[in-house]
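# Results of the structural survey
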Number of protein chains: 2
Amino acid sequence: MRQKYYRISIIGAGGVAWQLAPALESAGHTIEEIYSRSYEKALALSLQLYQASVIEKPDFSKSHAEILIIAVNDDAIQEVAPKLILPSEGTIVVHTSGSQPLSTLQDVKTVYTGVFYPLQTFTYDKHTNFSNIPICLESDNSHALKVLTKIAKSISRTVKLISSKERAVLHVAAVFACNFSNHLLSIAESLMKHQHLDLALLKPLITETIHNSLTIGPQKAQTGPAVRNDQTTINRHMAFLKKHDPEYAKIYDLLTKHIREINK
Amino acid sequence: MRQKYYRISIIGAGGVAWQLAPALESAGHTIEEIYSRSYEKALALSLQLYQASVIEKPDFSKSHAEILIIAVNDDAIQEVAPKLILPSEGTIVVHTSGSQPLSTLQDVKTVYTGVFYPLQTFTYDKHTNFSNIPICLESDNSHALKVLTKIAKSISRTVKLISSKERAVLHVAAVFACNFSNHLLSIAESLMKHQHLDLALLKPLITETIHNSLTIGPQKAQTGPAVRNDQTTINRHMAFLKKHDPEYAKIYDLLTKHIREINK
């Protein structure tokens with residue numbers, strides 16, 4: 001596939017935009033404009049880039065951009081999308097959300113809509129290497145899909161076509177695997193604090209558990225009292241948790257029963 | 001602290017014994033004997049070691065060991081402990097369990113009992129580097145504690161005195177942080193399989209989430225619809241899960257409500 005460089009504008013100046021814009025530049029593409037509801041944020045992002053200008057309204061009529069990437073909060077997509085004034089009828093407009101269907105862009109005045117969803121969590125402060133981050137693409141237009149594939153492949157080794165339906169399930173799965181797992185670490189931290197112990201003590205065990213889980217698969221990697229059916233330990237834990245925090249006990253009980261149910 | 005090498009015997013030939021025995025040898029200690037209910041397993045382990053012999057009964061009366069390490073399943077400790085015939089009255093006897101109190105060893109015929117708990121999950125197949133693994137020590141005897149500290153420091157940089165009460169809480173915390181997180185990965189995997197997607201797609205996101213959680217702390221690292229209070233997404237996820245698997249919906253509901261409660 002011949003390398004082609006694109007002219008791209010970015011809507012949004014949050015974590016995704018902050019990481020994606022420099023990565024696209026490094027891959028050879030040009031960031032033309034940045035637009036954000038917060039002019040200050042857009043300006044700050046533009047200062048990280050070679051030549052991107054900041055615009056105050058979502059009016060791209062004078063832009064040379066071939067692609068507009070909407071990298072804003074999920075609920076802000078529907079707000080900004082209909083207001084976009086495009087450079088041309090052929091402009092490709094994508095959003096970067098894992099939770100929003102392609103149809104969120106149905107009011108944009110182009111036939112070239114799509115989704116460009118990098119499957120990662122982004123923060124401002126640290127530089128993201130996209131090469132190992134899966135980029136999930138969707139479009140019902142083959143020209144748009146071709147262009148998006150070229151752009152995605154210019155920054156990542158893992159580019160997947162993922163439909164809105166698949167992406168919806170992927171998003172629920174990510175909530176379980178990431179948001180909820182993180183919350184369980186919160187609970188672990190609060191339990192340990194109660195004994196003046198630091199969560200850091202569990203770090204090697206947590207890291208190894210996740211590594212094993214992703215290497216041999218979570219089903220095979222499951223350990224602990226629930227899967228061992230160690231009722232003595234479960235009873236001891238439940239008695240402690242009921243006294244310590246009944247909500248923790250509820251969560252312990254539900255997850256323990258589910259592990260036993262799945263593994264019996 | 002002057003380096004001193006000890007003569008150690010191991011009871012058990014499971015994951016912990018399989019990793020701990022070679023690590024102790026590498027640190028300069030001598031493994032005298034291996035005893036396991038399964039002679040075959042004990043033999044297999046002894047073949048990994050320089051000069052350890054296998055004994056068929058827990059009779060260490062002719063042993064030169066100064067320390068006996070009971071590295072067996074939690075419920076097997078109480079079974080084997082009273083049967084131990086010690087080399088001398090001064091032998092130090094420890095178990096390696098996170099879930100069992102020190103008092104599990106009260107029937108052992110020595111005053112030198114203790115706990116030597118490496119906070120990690122162990123498998124047979126892969127070589128464990130103990131240097132980053134916390135070793136949690138307990139003993140009500142200062143001589144035993146001194147010896148255990150020397151041994152622990154000879155293989156690990158993180159050696160902590162952890163009481164039975166603290167260890168009990170540590171163990172519950174580990175169930176939340178590790179066993180339950182792993183189970184959430186199981187759920188994520190099964191959701192993805194349903195759309196013919198591979199859990200591997202979520203690997204970079206999971207790894208980054210856990211990394212962030214352990215770096216900036218889980219409370220600050222929490223993301224997702226629950227902490228954002230994004231009711232539209234939560235409703236969409238719940239509607240999907242109720243149809244797909246009501247048990248998944250229950251878990252989603254309980255954890256989402258708890259995240260909102262904690263963060264409000």
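The rules we used
Residues numbered from 1 in each chain as written. Chains lettered and ligands numbered in written order. Predicted model: local features only at pLDDT ≥ 70, side-chain atom pairs only at ≥ 80, totals over all residues. Heavy atoms only, no water. Pairing = 2+ DSSP bridges. Helix = DSSP H or I, 4+ residues; strand = E, 2+ residues; numbered from the N terminus. Axes fitted to C-alpha atoms, helices over the stretch in contact; angles between N-to-C directions. Contact = heavy atoms within 4.5 Å. Buried area = accessible area lost by both parts, 1.4 Å probe. Salt bridge = Lys/Arg side-chain N within 4 Å of Asp/Glu carboxyl O. Polar contact = N/O pair within 3.5 Å; in protein donor to acceptor, adjacent residues only side chain to side chain. Nonpolar A, V, L, I, M, F, W, Y, C, P; charged D, E, K, R; others polar. Expected span 1.5 Å × (residues − 1). Buried < 20%, exposed > 50% of the residue type's maximum accessible area, 1.4 Å probe, protein only. Arc of directions from axis to C-beta. Parallel < 35°, antiparallel > 145°, perpendicular 65-115°, else oblique. Left-handed = near helix turned anticlockwise from the far one by under 90°. Core = buried A, V, L, I, M, F, W, Y, C linked by side-chain atoms within 4.5 Å. Bend = angle between axes of the 7 residues up to and from the residue. pLDDT = per-residue confidence, 0-100. Phe/Tyr/Trp six-rings, centres within 6.5 Å; stacked < 30°, edge-to-face > 60°. Lys NZ or Arg CZ within 6 Å of the ring centre and 35° of its normal. Right-handed = clockwise from strand over helix to strand, strands pointing away.

### Quick look at the sheet that holds strand E2 (residues 30-35) of chain B
Residues and elements named next belong to chain B.
- As summarised here, the arrangement of the eight strands in space is E3-E2-E1-E4-E5-E6-E7-E8, forming an open sheet in which the pairing is mixed. Two strands close off the open sheet at either side, each with one partner strand: strand E3 (53-55) and strand E8 (159-161). Averaged over all neighbouring strand pairs, the angle between strand axes comes to 25°, with direction disregarded.
- Pairing of strand E7 (residues 135-138) with E8, which is carried by three bridges, proceeds in the parallel orientation. Residue pairing across strands places Leu137 opposite Leu161, the latter belonging to E8.

### Focus on the interface of chain B and chain A
- The interface of chain B with chain A comprises 77 residues on the first partner and 77 residues on the second.
- When residues of chain B are sorted by the area they lose upon contact with chain A, B:Phe176, B:Leu201 and B:Leu214 head the list and together hold 9% of the total.
- B:Asp74 serves as the salt-bridge partner of A:Arg228, at 3.8 Å between the closest nitrogen and oxygen.
- The tally of links from chain B across to chain A stands at 20 residue pairs in polar contact (both at pLDDT 80 or more).
- Every element with two or more residues in the side of chain B that touches chain A is listed here: helix H5 (164-194), helix H6 (203-216), helix H7 (218-221), helix H8 (225-228), helix H9 (231-244) and helix H10 (246-263) of chain B.
- Here the residues of the side of chain B that touches chain A sort into 40 nonpolar, 25 polar and 12 charged.

### Let's talk about H9(B)
- With 14 residues, H9(B) should cover 20 Å at 1.5 Å per step; its first-to-last C-alpha distance of 20 Å lies within 8% of that length.
- Listed as buried for H9(B) are B:Thr233, B:Ile234, B:His237, B:Met238 and B:Leu241. Buried residues of H9(B), viewed axially, fall in a sector of 130°; they line one side. Residues of H9(B) that are exposed and angled more than 90 degrees away from the buried face: B:Thr232, B:Lys242 and B:Lys243.
- Of the surrounding elements, those touching the buried residues of H9(B) are helix H5 (164-194) of chain A together with H5, H8 and H10 of chain B.

### Brief notes about the packing of helix H10 (residues 246-263) of chain A against H10(B)
- The interhelical angle for the contact between H10(A) and H10(B), taken along N-to-C directions, is 160°, at an axis separation of 11 Å. Here H10(A) is positioned roughly antiparallel relative to H10(B), judged by the angle of their axes. Once H10(A) is placed against H10(B), the crossing between them reads as left-handed. For the pair H10(A) and H10(B), contact is made by A:Glu247, A:Tyr248, A:Lys250, A:Ile251, A:Leu254, A:Leu255 and A:His258 and by B:Glu247, B:Tyr248, B:Lys250, B:Ile251, B:Leu254, B:Leu255 and B:His258, respectively.
- Tallied by class, the residues present in the contact of H10(A) with H10(B) amount to eight nonpolar, two polar and four charged.

### Focus on the pattern of salt bridges
- The final tally for this structure, using the stated rule, is 16 salt bridges over all chains.
- In this structure, B:Glu66 engages B:Lys4 in a salt bridge whose closest nitrogen and oxygen atoms are separated by 3.7 Å. Placement of the pair is B:Glu66 in the loop between E3 and strand E4 (67-70) and B:Lys4 in the segment before strand E1 (7-11), with a sequence separation of 62 residues.
- By relative accessible area, which is 28% here, B:Lys4 ends up partly exposed.
- Salt bridges here are not isolated pairs; linked through shared partners, they connect A:Asp74, B:Arg228 and B:Asp230.

### A look at the nonpolar core
- In this structure, A:Phe176, A:Leu202, A:Ile206, B:Phe176, B:Leu202 and B:Ile206 are the most contacted members of the largest nonpolar core, which totals 82 residues.
- Excluding anything up to four places from it in sequence, B:Leu202 contacts A:Leu119, A:Leu170, A:Ala173, A:Ala174, A:Ala177, B:Ala188 and B:Met192.

### Quick look at H5(A)
Residues and elements named next belong to chain A.
- With 31 residues, H5 ought to run about 45 Å at 1.5 Å a step, and its terminal C-alpha atoms sit 44 Å apart, in line with that.
- Along H5, the largest kink reaches about 30° and is centred on Val175.
- By the criterion of burial, H5 is predominantly enclosed, with 26 of the 31 residues buried.
- Two residues or fewer past H5, His196 is found with a positive phi of approximately 60°.

### Structural notes on the confidence of the model for chain A
- On average, residues of chain A score 95 in pLDDT, and 99% of them reach the 70 mark or higher.
- In the model output, the complex is listed with pTM 0.92 alongside ipTM 0.92.

### As for the packing of aromatic side chains
- According to the stated counting rule, one finds 10 aromatic pairs over all chains in the structure shown.
- A centroid spacing of 5.6 Å and a plane angle of 20° characterise the contact between B:Phe122 and B:Phe130, whose relative ring orientation is stacked.
- Through a chain of ring-to-ring contacts, three or more aromatic side chains come together here, namely A:Phe176, A:Phe180, B:Tyr248 and B:Tyr252.
- If you follow A:Lys4 out to its NZ or CZ, it ends over the ring of A:Tyr6, 4.4 Å from the centre.

### So, the sheet that holds strand E2 (residues 30-35) of chain A
Residue and element names in this part refer to chain A.
- Pairing within the open sheet is mixed, and its eight strands lie in the order E3-E2-E1-E4-E5-E6-E7-E8. Where the open sheet ends on each side, the last strands, each with one partner, are strand E3 (53-55) and strand E8 (159-161). Within the sheet, the average angular offset between the axes of one strand and its neighbour, ignoring direction, is 25°.
- One ladder, built from four bridges, connects strand E4 (residues 67-70) with strand E5 (residues 92-95); its direction is parallel. Bridge pairing in E5 places Leu68 opposite Val93.
- Along the sheet, helix H4 (residues 142-155) makes contact with strand E1 (7-11), E4, E5, strand E6 (113-118), strand E7 (135-138) and E8, crossing E7 at roughly 170°.

### Some points on the pairing of E5(A)
Residues and elements named next belong to chain A.
- Residues Ile92 and Val94 point to one face of E5 and Val93 and His95 to the other, with burial holding for every one of them.
- Note on the crossover from E4 through helix H3 (residues 74-80) to E5: the handedness is right-handed.
- As paired strands, E5 and E6 are joined by three bridges and run parallel to one another. Among the inter-strand pairings, Val93 is bridged to a residue of E6, identified as Thr113.

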